[in-house]
Amino acid sequence: MKRVSILKCGPGIDEIRNVYGHASDWVAEIVSSYDNNININVINSYECIQPDNDDAWIITGSSSSCYEDKDWIVELEFQIKRGYEVNKPILGICFGHQIIAQSLGGKVIKNPMGWELGSNKINITDYGKKSEIFNSIPNNNDYYFSHQDTVLDLPRNAIELAYNEMGNQAYCIGEKIFGVQFHPEFSFDVMEAYIKRRISMGIFPKNPFISSSNSSYFVITNFLNILDN
């Protein structure tokens with residue numbers, strides 16, 4: 001039986017978690033729907049708890065920035081470097097995407113163009129079109145976003161898989177490490193709740209209309225499928 005650790009990178013926003021659960025719950029639901037024989041292990045990385053004895057990691061988003069000087073972020077970077085050295089399959093989502101890049105030599109900054117919030121499209125590169133991570137996802141698919149940091153420089157050995165006007169949106173490092181800036185685990189209702197929360201903080205989406213993103217969760221199931229290859 002495969003064991004997948006979901007690395008939680010924060011407790012989540014109270015009013016969203018109380019209604020919809022945590023991002024780790026949404027990821028776990030997608031993993032279980034794909035294969036209910038996968039053993040799911042949820043790790044509170046923000047409490048410096050370390051993953052062990054697992055076949056793959058999925059790293060969630062966070063309200064923190066990966067360039068903040070926090071003990072748990074430093075520890076997580078160490079674990080990512082260790083995972084890379086042993087060829088551990090890793091999928092990073094939003095903050096996870098950023099901290100993998102930073103850990104392995106890339107650069108992450110606060111995006112000078114501001115927040116990317118709501119639904120948006122991405123451009124898949126030629127290499128991305130050949131990548132298993134985007135299997136079965138239509139080219140015109142919309143994706144969900146809620147972030148203000150961006151990967152400015154990819155690690156030297158990373159290959160860009162997708163981008164848009166806000167910056168890099170996906171990359172791979174080798175055949176087993178992937179980062180996606182968007183949130184494949186979000187539902188429409190969760191995205192709507194995040195927008196309401198951000199608006200209450202004075203952060204407004206450039207496009208208030210939310211398109212349905214019915215296929216982006218395939219990023220997670222495609223990653224799991226890669227484990228079987």
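This write-up is about the structure you can find in this document. Keep in mind the model is a prediction, meaning the values are calculated, not measured.

What about the nonpolar core?
Core analysis: the biggest nonpolar cluster contains 32 residues, and Ile58, Leu91, Phe134, Ile220 and Phe223 have the highest contact counts within it. A per-element tally of this core places helix α7 (residues 218-227) first, with six residues. If we skip the residues at most four places from it in the chain, Phe223 touches Ala56, Trp57, Ile58, Pro89, Ile90, Leu91, Ile133, Lys176 and Phe178. One finds Ile73, Ile80, Ile100 and Leu104 within the second-largest nonpolar core, a separate group that totals 22 residues.

Here we look at the environment of Val27
As for its placement among the helices and strands, Val27 is situated in helix α2 (residues 23-34). Taking C-alpha positions, Val27 is 8.4 Å from Ile58, a pair spaced 31 residues apart along the chain. Other than its neighbours up to four places away in sequence, Val27 contacts Ile6, Ile58, Ile93, Glu185 and Ile220.

Section: the packing of aromatic side chains
Scanning the model with the defined rule gives six aromatic pairs in all. Arranged with centres 6.3 Å apart and planes meeting at 75°, the rings of Phe145 and Phe182 form a pair that is edge-to-face. With Phe145 in strand β8 (residues 143-147) and Phe182 in the loop between β12 (177-180) and α6 (188-200), the pair connects residues that are 37 residues apart, well separated along the chain. Note on Phe145: relative accessible area 0%, which makes it buried. Joined through ring pairs, the aromatic side chains of Trp26, Phe186 and Tyr194 make up one cluster.

Considering the side chain of Lys88
With respect to the helices and strands, the residue Lys88 is situated in the loop between α3 (71-85) and β4 (90-93). A relative accessible area of 15% means that Lys88 is categorised as buried.

Rules used throughout
Residues numbered from 1 in each chain as written. Predicted model: local features only at pLDDT ≥ 70, side-chain atom pairs only at ≥ 80, totals over all residues. Heavy atoms only, no water. Core = buried A, V, L, I, M, F, W, Y, C linked by side-chain atoms within 4.5 Å. Buried < 20%, exposed > 50% of the residue type's maximum accessible area, 1.4 Å probe, protein only. Helix = DSSP H or I, 4+ residues; strand = E, 2+ residues; numbered from the N terminus. Contact = heavy atoms within 4.5 Å. Phe/Tyr/Trp six-rings, centres within 6.5 Å; stacked < 30°, edge-to-face > 60°.

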